[in-house]
Amino acid sequence: MNPVPDIFRILPELVLTLTGVAVMLIDATLPAAWPRRSLGWVAAIGTTLALWASLWQLSLPVGTGFYSTVETSPFTVFFHVLICGIVLVALLLSLDTLPEDSHHQGEFYALIVFGAVGMCLLTGAVELLLVFIALEISSISTYILAGYRKDTGRGPEAAIKYFLLGSFATGFLLYGIALIFGATGTTQIYEISYLVPSAPNHLFVLAGLALMLVGILFKVSAAPFHVWTPDVYEGAPSPVVALLSTAPKAAAFALLLRVVYEMFPSLHSLWSPLLWIVAVLSMTVGNLAALRQQNVKRMLAYSSIAHAGYLLAAFAGLGNSGIAAASFYTAAYAAMNVGIFAVITLVSGYDEQLPLVEDYRGLIYRSPLLGSLLIFFLVSLVGIPFTGGFFGKFYSFSAAVSGGAIWLAIIGLLNSGLAAGYYLRLVLTSVQRNADRKNEAPAPQVGVAVGAALLLAVAATLVLGIVPGEVLRAAESGAHTLQAPPPQAATPGIAVEPQPQP
Amino acid sequence: MHLILFFLFAGFCLAGAINLLLQSHPITSALSLIVVMTSLAVLYLLLGAEFLAIAQVIVYAGAIMVLFTFVVMLLNAGREERTMGSRSARAVGFPAVVAILAVIATVILKAQGLGVATLGEGLTDASGKTNIEELSSVLFTQLLLPFEVTSILILIAILGAVALARHGSGEPQGNRERTGK
């Protein structure tokens, strides 16, 4: 039936799983006194291999494997590459910043790699059961990573809050899946999209869609499901926050795109206003709350809620332009966010002696490199041209305008102005000279691994900001494949005929 | 006969659930939850869902409830205390639960209406094939990948439990010093 062996369809996940198992087993066999740092390199190499494997998947014809449960298409490759890239940066960052002693480094790297398996599967899954399991893999690994600082009270607090609220949200998603299965009799996404317009139990489908949206919007921390975000970001170790504010969100956005554009294109009139409201709420709530924060990580947590709002604005776009804009924004947001958290990790350290905005005073004199990188990423988050943030916002809002949601774009622009307030406050603080030189913290050291991580993040942000064409083309070719193929057609090929949008 | 069994165990189930909510001691609540789970298993069996009934007994009444009682007893949890917060949560929570259940019930009734269930017969239409046979054939063909991927999920859970529960691995000395302080 399928000329491509099934195993090739899950090659990146397979590579990541093998890496995780290898890291775990090596960790268990090494003598207790040996340093575990090299395991991080093993994990990083495995992730790089997985990245190449997903790029190689582009040469496969578009199609599904394992009885139509996983799909490979430019869309999945786009998100696979993005997620593997983020995980790679996070691993490099942890390599230099994780303290040598009293931490389960082996488990830490293994959990990150296994979490990446879940996130990658989530973007490729076209079967709701697999979606659920993949989401659980990525969530559970991040719950555990969030609680990794056991010696402070905040770590366990963050992990437990995240775990309880996250499990509750997963419950909503599962209930939604159950209702949709009840209405259509299948959990295969292509079949659902084919059956939904003619489903006799329309109310079931609507309730299922609503419940699924609650579950997914929680994972992307969009208002009003955002309450967990600041506490978790504050309590989790910074390298982990760099990961969990980007990679699981990218995967969840991929799932959201799949659910709304591929599974329920026929219900566009229903989910589009819902996402409009959520987008406006997220932007406004996130930005207004961020203005009042003194703690840098809390501020960035609220800023990430606002960014989820800008991203959701792209969902107002019609069909392909909306999908492409949302995918592009995900990439831009991930690049700059993982970068700024890398800088924050270096400045305040794993134990976070310097959590407040005030502590960043004079950073640019203490460490010119980190200071200027901080300013660079903040400028990108504001959305100033020649950075990834600018084109992200540009495409997102123009998708919204082309979809007829002009007010959404206007609210988004106003919000970007508001957001500049708190980003620039941090910029200004970091260029002001510190009055008492004596209490100044020592300049942070930048190691090889972390240098590579920063370089990757800066390069990605710059490429997205100066020559966005290539990535945008990738996002667009991904968008073309994100429409369910007609039920009986098994014609592999890049140009799957897009379904007419209602 | 089936009808008598149904009403008997449905009664048990409801009584257990109400008792679970009313009791303030965690161990009594946990024990009444076992009653709820077991009588639910009998109800599933009566409806012809053997696999679900067995899974219910093994997983819920067996593994999960044993874990619950263990944790409750190990932590030596006392009576629940009634505070302002818990009273107000009760005042808000009960109407909210009733509202959500009402919405779901309306959706189900509107979409499907009330059907007639036959007690004591198979759940599937397929002749000569039991529930379990059908389920396993789907599980090992169409749903092979989700089934296999579950192993990663379990692996992560084990890893996480180890990482969170074990004390400092690499440096036993350093850890001892810290706890000694």
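All values derive from a computational prediction rather than experimental measurement.

### Thoughts on the overall build of chain A
At step 1: A tally of regular secondary structure across chain A gives 21 helices and two strands.
At step 2: Out of the 502 residues in chain A, the part that is buried amounts to 62%.
At step 3: In chain A, 79% of the contacts between residues at least 6 apart in sequence involve partners at least 24 apart.

### A word on unusual backbone geometry
Most peptide bonds take the trans form, and the phi angle of most residues other than glycine is negative.
Residues and elements named next belong to chain A.
At step 1: Cis peptide bonds are those with omega within 30 degrees of zero, and the linkage from Ala223 to Pro224 qualifies with 0 degrees.
At step 2: Tracing the backbone through its elements, the reader meets Pro224 in the loop between α9 (202-219) and α10 (228-235).
At step 3: One non-glycine residue with positive phi stands out, namely Phe386, at about 70 degrees.
At step 4: By the element assignment, Phe386 lies in the loop between α17 (368-382) and α18 (388-402).
At step 5: With 13 C-beta atoms counted inside 10 Å, the residue Phe386 sits in the partly exposed group.

### Quick look at the confidence of the model for chain A
Residue and element names in this part refer to chain A.
At step 1: Counting all residues, the mean pLDDT for chain A is 88, and 94% of those residues have values of 70 or more.
At step 2: Model confidence for chain A, summarised as mean pLDDT per element, is weakest for helix α16 (residues 363-366) at 84 and strongest for helix α6 (residues 128-146) at 94.
At step 3: Overall, residues 489-502 carries pLDDT values under 50, and its contacts beyond four positions in sequence, including any with other chains, amount to 26 contacts.

### Things to note about the packing of helix α5 (residues 105-124) of chain A against helix α12 (residues 247-263) of chain A
Residues and elements named next belong to chain A.
At step 1: One can describe the packing of α5 onto α12 by two numbers: an axis separation of 8 Å at closest approach and a directional angle of 15 degrees. Viewed along their axes, α5 and α12 adopt a mutual orientation that is roughly parallel. The chirality of how α5 crosses α12 is left-handed. For the pair formed by α5 and α12, the contact residues are Met119, Leu122 and Thr123 on the first element and Ala247, Pro248, Ala251, Ala254 and Leu255 on the second.
At step 2: When its residues are assigned to classes, the contact of α5 with α12 shows seven nonpolar, one polar and no charged.

### Regarding the packing of α9(A) against helix α4 (residues 84-112) of chain B
Helix packing for two helices is described by the angle between their axes and how far apart those axes are.
At step 1: Relative orientation of the contacting elements α9(A) and α4(B) amounts to 150 degrees, with a least axis distance of 8 Å. Here α9(A) lies roughly antiparallel to α4(B), going by the angle between them. Seen from α9(A), the contacting residues are Leu203(A), Phe204(A) and Ala207(A); seen from α4(B), they are Val107(B), Lys110(B) and Ala111(B).
At step 2: A breakdown of the residues in the contact of α9(A) with α4(B) according to their chemical character gives five nonpolar, no polar and one charged.

### Digging into the interface of chain A and chain B
At step 1: Every contact between the two is made by 32 residues of chain A and, on the other side, 29 residues of chain B.
At step 2: Of all the secondary structure elements, the ones that give two or more residues to the side of chain A that touches chain B are α2 (11-29), α5, α6 and α9 of chain A.
At step 3: Ranked by residues supplied to the side of chain A that touches chain B, first place goes to α6(A) with nine residues.

### Description of the environment of Glu127(A)
At step 1: The residue Glu127(A) is located in the loop between α5 and α6 in this model.
At step 2: Classification of Glu127(A) as buried rests on a count of 27 C-beta atoms within 10 Å.
At step 3: Each C-alpha atom of the pair Glu127(A) and Ala435(A) lies 59 Å from the other, and the pair is 308 residues apart in sequence.
At step 4: Not counting the four nearest positions on each side in its chain, Glu127(A) is found in contact with Ser68(A), Thr69(A), Thr187(A), Gln188(A), Ile189(A) and Pro146(B).

### Topic: the environment of Lys393(A)
At step 1: Looking at the element boundaries, Lys393(A) is found in helix α18.
At step 2: Once you skip the residues sitting within four places of it in the chain, Lys393(A) turns out to touch Tyr310(A), Gly383(A) and Ser416(A).

### Here's the deal with the confidence of the model for chain B
Residues and elements named next belong to chain B.
At step 1: In this model, chain B carries an average pLDDT of 81, and 86% of its residues clear a pLDDT of 70 or more.
At step 2: Across chain B, the secondary-structure element scoring lowest on mean pLDDT is helix α7 (residues 172-180), at 38, and the one scoring highest is helix α6 (residues 144-165), at 91.
At step 3: Confidence over residues 169-181 falls short of pLDDT 50; this stretch has 14 contacts with residues more than four positions distant or in other chains.

### Some thoughts on α12(A)
At step 1: Compared with an ideal rise of 1.5 Å per residue, which puts 17 residues at 24 Å, α12(A) spans 23 Å between its outermost C-alpha atoms and is within 8% of the ideal.
At step 2: Counting buried positions along α12(A) gives 17 out of 17 residues, so the element sits mostly inside the fold.

### Here's the deal with α9(A)
All names here are of chain A.
At step 1: Between its first and last C-alpha, α9 extends 26 Å over 18 residues, near the 26 Å set by a 1.5 Å rise per residue.
At step 2: For α9, the buried fraction is high: 13 of the 18 residues fall into the buried class.
At step 3: Downstream of α9 by a residue or two, Ser221 has a phi angle that is positive, lying close to 50 degrees.

The rules behind these values
Residues numbered from 1 in each chain as written. Chains lettered and ligands numbered in written order. Predicted model: local features only at pLDDT ≥ 70, side-chain atom pairs only at ≥ 80, totals over all residues. Helix = DSSP H or I, 4+ residues; strand = E, 2+ residues; numbered from the N terminus. Buried ≥ 20, exposed ≤ 12 C-beta atoms within 10 Å, placed from the backbone. Contact = placed C-beta atoms within 7 Å. pLDDT = per-residue confidence, 0-100. Axes fitted to C-alpha atoms, helices over the stretch in contact; angles between N-to-C directions. Parallel < 35°, antiparallel > 145°, perpendicular 65-115°, else oblique. Left-handed = near helix turned anticlockwise from the far one by under 90°. Nonpolar A, V, L, I, M, F, W, Y, C, P; charged D, E, K, R; others polar. Expected span 1.5 Å × (residues − 1).

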